[in-house]
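Residue strings, one per chain:
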Amino acid sequence: MRRSLLVTALTLCAVLVTGCAGDPEPTDTAPSPTADAHAHEHFEDDYGPIPSPSWEDSDRAAAITAAETAMRAYARPTITQEEWWADMEPLLNQQASIDYAWVQPQSIPATKVTGPGSITDDESALVVFVDVPTDAGTYNIILNRDGAGEPWLVARFVPPETAGN
């Protein structure tokens, strides 16, 4: 019953709105040739297909190198925040740049990387998880990239449970 009342009310509103609109002035609906060509050109230039990134051994090695480099820059609690941030910011994605902007390096328990990084999850060619051992335990570094040929950037440093965080 309610459904039929709702349908009737909606139909009545549609009829009233259409009836109140009146006769519109005729308009030229043919687009100008230059506007149409320009819109098509803009679409092709800016919105073409994005190439799928590869997931080769070289991509894995680049991810590990990026994680180790980032962890070395991160684990320096004896420097000033300004020095730390100047080295960290280029290694972070946009969200991580916001999240880590005010970290005080003195609060980081790790002081050095103690071994090579290793990938723990590589199911996506755009996101990878890399474990990097430090003197405070193994950190898990989450990295991502925007596409093929783009650099791996840190999204998150996940400290070990034993690091006191």
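None of the values given here were measured: they were computed from a predicted structure. (Residues numbered from 1 in each chain as written. Predicted model: local features only at pLDDT ≥ 70, side-chain atom pairs only at ≥ 80, totals over all residues. Heavy atoms only, no water.)

Draft legend 1. Local environment of the overall build of the protein chain. Broken down by element type, the protein chain carries five helices and four strands. Each helix and strand of the protein chain, placed in order from N terminus to C terminus, yields the pattern α-α-α-α-α-β-β-β-β. Look at the contacts in the protein chain between residues 6 or more apart in sequence, and 49% of them connect residues 24 or more apart. Per element, the accessible surface of the protein chain, about 11,100 Å² overall, is 58% carbon and sulfur. (Helix = DSSP H or I, 4+ residues; strand = E, 2+ residues; numbered from the N terminus. Contact = heavy atoms within 4.5 Å. Areas by Shrake-Rupley, 256 points an atom, 1.4 Å probe, with all protein chains shown as cover.)

Draft legend 2. Local environment of the side chain of Ser97. When you line up the elements, Ser97 lands in helix 5 (residues 94-100). The residues contacting Ser97, other than those within four sequence positions of it, are Trp85, Glu89 and Leu92.

Draft legend 3. Focus on the pattern of salt bridges. Scanning the model with the defined rule gives four salt bridges in all. The salt bridge partner of Arg60 is Asp122, with a shortest N-O separation of 2.9 Å. With Arg60 in helix 3 (residues 57-74) and Asp122 in the loop between strand 1 (118-121) and strand 2 (127-134), the pair connects residues that are 62 residues apart, well separated along the chain. The partly exposed category is assigned to Arg60, whose relative accessible area is 24%. For Asp122, a relative accessible area of 26% corresponds to the partly exposed category. (Salt bridge = Lys/Arg side-chain N within 4 Å of Asp/Glu carboxyl O. Buried < 20%, exposed > 50% of the residue type's maximum accessible area, 1.4 Å probe, protein only.)

Draft legend 4. Representation of the side chain of Glu68 in the model. With respect to the element layout, Glu68 can be found in helix 3. The side chain of Glu68 is buried and forms no salt bridge, while Arg72, the nearest opposite charge, is found at 4.4 Å. (Lys, Arg positive; Asp, Glu negative; His and termini not counted.)

Draft legend 5. Representation of the sheet that holds strand 1 in the model. Within the open sheet, the four strands sit side by side as 1-2-3-4. Their pairing is antiparallel. Edge positions in the sheet fall to strand 1 and strand 4 (153-158), since each has one partner strand and no second. Taking the axes of each pair of neighbouring strands and ignoring which way they run, one obtains an average angle of 35° across the sheet. Across five bridges, strand 3 (residues 137-144) lies against strand 4 in antiparallel orientation. Residue pairing in the sheet places Ile142 in a bridge with Arg156 of strand 4. Against the sheet, helix 3 contacts strand 1, strand 2, strand 3 and strand 4, and its axis sits at roughly 50° relative to strand 2. (Pairing = 2+ DSSP bridges. Axes fitted to C-alpha atoms, helices over the stretch in contact; angles between N-to-C directions.)

Draft legend 6. Expanded view of the nonpolar core. Counting 32 residues, the largest nonpolar core has Met71, Tyr74, Trp84, Tyr100, Ile141, Leu143 and Phe157 as its most contacted members. Residue assignment for this core shows that the elements contributing at least two residues are helix 3, helix 4 (81-88), helix 5, strand 2, strand 3 and strand 4. In terms of residue count, helix 3 provides more of this core than any other element does, seven residues in total. Those residues in contact with Leu143, other than ones at most four positions away along the chain, are Ala63, Ala66, Ala67, Leu126, Val127, Val128, Val130, Trp152, Leu153, Val154 and Ala155. (Core = buried A, V, L, I, M, F, W, Y, C linked by side-chain atoms within 4.5 Å.)

Draft legend 7. Molecular detail of helix 3. Taking 1.5 Å of rise per residue, the 18 residues of helix 3 would be expected to cover 26 Å, and the 26 Å separating its terminal C-alpha atoms lies within 8% of that figure. Turning to helix 3, the residues buried within the fold contact helix 4, helix 5, strand 2, strand 3 and strand 4. (Expected span 1.5 Å × (residues − 1).)

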